[in-house]
Amino acid sequence: MSDHRFDDITVESLMETGTMKWTRMPGHLAAFVAEMDFGTAPAVTQALRDSTDKSLWGYLPPAVAKEMSDATSEFLARRYGWEVPSTRIYPTADVLSAYDFVMERFTKPGTPVILPTPAYMPFLTLTPMRGREIIQVPMIEGDGGLWEMDLEGITTAFDKGAHLLILCNPHNPLGRVYSRAELLALADVVEAKSGMVFSDEIHAPITFGEHSHIPYASLTETTAAHTLTATSASKSWNIPGLKCAQLIVSNDEHQRSIKDIAFLVSHGAATPGVAANTAAYREGGAWLEDVLGYIDINRSLLRDLLAQHLPEFTYREPEGSYIAWLDARGLPDIAGDRTWAQFFSEEARVGLTDGALCGEAGVGHLRLMLSTPHHILEKIVIAMGDAVDRHRS
Ligand SMILES: Cc1ncc(COP(=O)(O)O)c(C=O)c1O
């Protein structure tokens, strides 16, 4: 294990800081929400100090918005080789509101939305609130637990009248970082059905080992034309409460039609959050690499801890994101009529997300965050293992 400053962070200090992760489930070891326990980059904190010093808390000034669009454009080019004019990058409050805007503004009214599942939970609730059916297409678990998209299922869903597909890459909760070949195969299906893609790339900078993120819209002119992309510094720099994300418009027609209503999509973006995103993209690189190296160790640490304390769990190290997806279906039948998340909450005081909330394909699974100090991850797995052991006999 490493000897790192994050090792000095304690459960008590996290609870005292009072983040949502460490206060929503009092008395629990928290691993249920996509926040990190590592604070944020010094450059981000400095940007917030600067806006505080200037009391820059009014509506979003055009110059602050332009800086963010420029910084995002530079980051996309540097990190992924994707050249996007900054005039096509719009500040928005968050990825969820970008999705809402895209669904309402750019897809055929009332049409169903295709969601490969398991998926980030709010897509399953927001979409029906807009009077749209969600067509869940369960991902297929292949060899070695590698989950793949069901292209036939997606084709069938388009045939049922769907217009938009939600692509989440890197994938929450499965941790997949899709290869070029996988994305191109998906693109063929979408194009053949005259479909559209909302590409949720909020976890894009968080990839490990040989896996690197390819923005879907950057693949070909075709994917650029049928896609709207959303990303943010919010996950990678741990600032989702600052309310700023980016909507990236890669279709000329969309760009023409969005101009007059751009204020609507940008209205919720918080001025300090926009400045913080700029700082993260421009000056947060070293902090991010440090965090990624630390979380990378947790990927394999979790494997070792599970082998020792919960051998019935199946887990494949995430290729991207700091989310671990645990298959609990091999556990003994000890939870009674409780879900596994309820069982581990009540018996181990560990807060996890129940896989069923991620769609039908998630039943029997759990979502656990790796964005925590090594010693806390150890505590979490030991507490879970002890709870199972107590009920084994
Ligand atoms: C894949 C994915 N999409 C969207 C969101 C929500 O992001 P936002 O807070 O920007 O709406 C999250 C948050 O964890 C996420 O993991």
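In case you missed it, the structure is sitting above this.
A. Quick peek at the overall build of the chain. Regarding its fold elements, the chain presents 15 helices and 15 strands. If one aligns the C-alpha atoms of the chain with their principal axes, the spans along those axes are about 65 × 55 × 35 Å. Expressed as a percentage of the 393 residues in the chain, the buried residues total 58%. Put simply, 73% of the contacts in the chain that link residues at least 6 apart link residues at least 24 apart.

B. Geometry of the pairing of strand E10 (residues 245-249). Most of E10 sits inside the fold, with five of its five residues counted as buried. Burial along E10 is two-sided: Ala 245, Leu 247 and Val 249 and Gln 246 and Ile 248, pointing in opposite directions, are all buried. In this sheet, E10 lies alongside strand E2 (residues 89-92) in antiparallel orientation, the contact comprising four bridges. In the strand pairing of E10, Thr 92 is matched with Ala 245. Pairing of strand E9 (residues 227-231) with E10, which is carried by four bridges, proceeds in the antiparallel orientation. The partner of Ala 230 across the bridge, within E10, is Leu 247.

C. How the structure looks around the sheet that holds E2. Spatially, seven strands are ordered E2-E10-E9-E8-E7-E3-E4 in an open sheet, and the strand pairing comes out mixed. This sheet does not close on itself; its edge strands, each paired only once, are E2 and strand E4 (134-138). Across the sheet, the mean angle separating the axes of adjacent strands is 25° when strand polarity is ignored. Relative to strand E8 (residues 196-200), strand E7 (residues 164-168) runs parallel, the two sharing five bridges. Each residue of the ladder has a partner; that of Leu 167, found in E8, is Ser 199.

D. How the structure looks around empty space enclosed by the protein. A complete count under the given rule lists three cavities of 30 Å³ or more for this structure. There is about 60 Å³ of room inside the largest cavity. At the level of secondary structure, the elements contributing two or more residues to the lining of the largest cavity comprise strand E3 (113-117) and E7. Among the elements that take part in the lining of the largest cavity, E7 stands out by supplying three residues, more than any other. Residues belonging to the lining of the largest cavity are distributed by class as follows: 10 nonpolar, two polar and no charged. By volume, the second largest cavity is sized at about 40 Å³. Around the second largest cavity, the lining residues are Leu 76, Tyr 80, Trp 82, Glu 201, Ala 204, His 213, Pro 215, Thr 229, Thr 231 and Ile 248. Going through the elements one at a time, helix H4 (62-80) and E9 are the ones with two or more residues in the lining of the second largest cavity. Of the residues that constitute the lining of the second largest cavity, the class distribution is six nonpolar, three polar and one charged.

E. Broad picture of the site of the ligand. What surrounds the ligand is the set Ala 34, Asp 94, Val 95, Leu 96, Tyr 120, Cys 168, Asn 172, Asp 200, Ile 202, His 203 and Lys 235. Asp 200 has a polar side-chain atom sitting 2.5 Å from a nitrogen atom of the ligand. Within the complex, the protein chains bury 92% of what would otherwise be the 390 Å² of accessible surface of the ligand. A majority-of-atoms criterion places the ligand in the largest pocket.

F. Main features of the pairing of E4. Bridging between E3 and E4 involves five bridges; their strand directions are parallel. Paired with Val 113 across the strands is Ile 134, a residue of E4.

G. A look at the nonpolar core. In this structure, Trp 237, Leu 302, Phe 313, Phe 344 and Leu 368 are the most contacted members of the largest nonpolar core, which totals 78 residues. Considering every element that reaches this core, the biggest residue donor is helix H13 (residues 285-309), with 10 residues. The contacts of Trp 237, once residues within four sequence positions are left out, are Met 36, Gly 39, Thr 40, Ala 41, Val 44, Phe 75, Pro 205, Ala 280, Tyr 281, Gly 284, Trp 287 and Leu 288. Ranked by size, the runner-up nonpolar core spans 29 residues in total, among them Leu 228, Val 249, Ile 258 and Val 265.

H. Structural context of the packing of helix H5 (residues 95-106) against helix H6 (residues 122-129). With their axes 11 Å apart at the nearest point, H5 and H6 run at an angle of 35° to one another. Handedness of the crossing formed by H5 with H6: right-handed. Mapping the contact onto sequence places Leu 96, Tyr 99, Asp 100 and Met 103 in H5 and Pro 122, Phe 123, Leu 126 and Thr 127 in H6. Residues that form the contact of H5 with H6 fall into these classes: six nonpolar, one polar and one charged.

I. Structural view of unusual backbone geometry. Between Asn 169 and Pro 170 the backbone carries a cis peptide bond, its omega angle lying at -5°. Mapped onto the elements of the fold, Pro 170 is located in the loop between E7 and helix H8 (180-192). Across the junction of Asn 172 and Pro 173, the peptide omega takes the value 15°, indicating a cis bond. Structurally, Pro 173 can be placed in the loop between E7 and H8. At Lys 243, a residue that is not glycine, the phi angle is positive and equals roughly 55°. With respect to the secondary-structure elements, Lys 243 resides in the loop between E9 and E10. Of the residues examined, Lys 243 reaches a relative accessible area of 33% and is grouped as partly exposed. If you check the backbone angles, Ser 321 has positive phi at about 70° while not being a glycine.

Rules used throughout
Residues numbered from 1 in each chain as written. Predicted model: local features only at pLDDT ≥ 70, side-chain atom pairs only at ≥ 80, totals over all residues. Heavy atoms only, no water. Helix = DSSP H or I, 4+ residues; strand = E, 2+ residues; numbered from the N terminus. Buried < 20%, exposed > 50% of the residue type's maximum accessible area, 1.4 Å probe, protein only. Contact = heavy atoms within 4.5 Å. Pairing = 2+ DSSP bridges. Axes fitted to C-alpha atoms, helices over the stretch in contact; angles between N-to-C directions. 1 Å grid on protein atoms, 1.4 Å probe; cavity = no way out; pocket = protein on both sides within 12 Å on 5 of 7 lines; lining within 4 Å. Points joined across faces, edges and corners; volume = space filled by probe spheres on them. Nonpolar A, V, L, I, M, F, W, Y, C, P; charged D, E, K, R; others polar. Near = heavy atom within 4 Å. Polar contact = N/O pair within 3.5 Å; in protein donor to acceptor, adjacent residues only side chain to side chain. Areas by Shrake-Rupley, 256 points an atom, 1.4 Å probe, with all protein chains shown as cover. Sits in = over half its atoms within 2 Å of the grid points. Core = buried A, V, L, I, M, F, W, Y, C linked by side-chain atoms within 4.5 Å. Left-handed = near helix turned anticlockwise from the far one by under 90°.

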